[in-house]
Amino acid sequence: MATWWQLFTLAFVPLFIAIDAVGLPPIIISLSEGMTVRERQKMVHVAILTALLVGLIFLFLGQIVLTLMGITVGAFAIAGGIILLVQSIRNMTSGRMMDAVKEEMVAVVPIGTPLLAGPATITTLLLLTSQVPLAVVLEAFVANVLIAWAICLGSYRILKVMGQGGVRAVSRVFSLLLASIAVTMILKGLAMSGIIAPLP
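Residues numbered from 1 in each chain as written. Predicted model: local features only at pLDDT ≥ 70, side-chain atom pairs only at ≥ 80, totals over all residues. Heavy atoms only, no water.

Colleague: Tell me what's going on with the nonpolar core, and back it up with residues and numbers.
Modeller: Here is a general trend for soluble globular proteins: nonpolar side chains tend to be buried in one another's company. Met43, Ile111, Leu116 and Val132 are the most contacted members of the largest nonpolar core, which has 45 residues in total. Sorting elements by how many residues they give to this core places helix α7 (residues 134–192) first, with 11 residues. (Core = buried A, V, L, I, M, F, W, Y, C linked by side-chain atoms within 4.5 Å. Buried < 20%, exposed > 50% of the residue type's maximum accessible area, 1.4 Å probe, protein only. Helix = DSSP H or I, 4+ residues; strand = E, 2+ residues; numbered from the N terminus.)

In structure tokens:
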């Protein structure tokens, strides 16, 4: 019989890969350009809370919610990718992702979802519940969210070192990276929906 640690690892690792917390700092830097320290911290807190709530909803009611609303995970991926693509294009063209007074909006979309609690995370949660006890999956998910929270807050140290000028320059490059992530998300959604062939 598998031990708790083995089950936890079995749930933690795929969720860690799906959430991809290590890749968050460039995105946080790009999306928080022009914000004050307090606004950035608020953005991170709202984003993490959003991801936690979305993840918990799908963990306990995922398949029921999707079925009742007639939404597939593939459609969710396409919609999230389009929103993310629009956000990144806006940042590259206007030089600002959003007005500072609306940091809650970018915290919810696209950071909270679909970046943190996106199609990959939702699909992973749904699959894990059929393989690992629900309590263990819940613990693994919360642990990953806490790690993501720490990494997001840590990205502000990078901002301090780079300064506003450096952040503004690098933000454009990271916006291109964000657009690439969005396109990949759209393609995966199309593949999951059977519209195109599965990606290699």
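Colleague: Can you lay out the packing of helix α1 (residues 4–19) against helix α6 (residues 119–128) for me, pointing to particular residues and giving the numbers?
Modeller: Remark: α1 packs on α6, axes separated minimally by 8 Å, with the N-to-C direction vectors making an angle of 165 degrees. Looking at the two axes, α1 sits roughly antiparallel to α6. Taken as a pair, α1 and α6 cross one another with a handedness that is right-handed. Contacts from Leu10, Ala11, Pro14, Leu15, Ala18 and Ile19 of α1 reach α6 at Ala120, Thr121, Thr124, Leu125 and Leu128. Counted by class, the contact of α1 with α6 contains 9 nonpolar, 2 polar and no charged residues. (Axes fitted to C-alpha atoms, helices over the stretch in contact; angles between N-to-C directions. Parallel < 35°, antiparallel > 145°, perpendicular 65-115°, else oblique. Left-handed = near helix turned anticlockwise from the far one by under 90°. Contact = heavy atoms within 4.5 Å. Nonpolar A, V, L, I, M, F, W, Y, C, P; charged D, E, K, R; others polar.)

Colleague: Would you mind going over the layout of surface pockets in detail, with residue names and values included?
Modeller: Of the voids in this model, the largest pocket is the one considered here, and its volume is about 530 Å³. Taken together, 24 residues form the lining of the largest pocket, with Ala18, Ala120, Ile181, Met185 and Lys188 sitting closest to its centre. Looking at the lining of the largest pocket, the elements with two or more residues in it are α1, α2 (24–31), α5 (103–116), α6 and α7. Each residue belonging to the lining of the largest pocket can be placed in one class, and the counts come to 18 nonpolar, 4 polar and 2 charged. (1 Å grid on protein atoms, 1.4 Å probe; cavity = no way out; pocket = protein on both sides within 12 Å on 5 of 7 lines; lining within 4 Å. Points joined across faces, edges and corners; volume = space filled by probe spheres on them.)

Colleague: So what about the side chain of Thr124? Which residues, and what values?
Modeller: For Thr124, the position within the fold is in helix α6. Note on Thr124: relative accessible area 13%, which makes it buried. Leave out the neighbours within four places in its chain, and Thr124 touches Pro14, Leu15 and Ala18.

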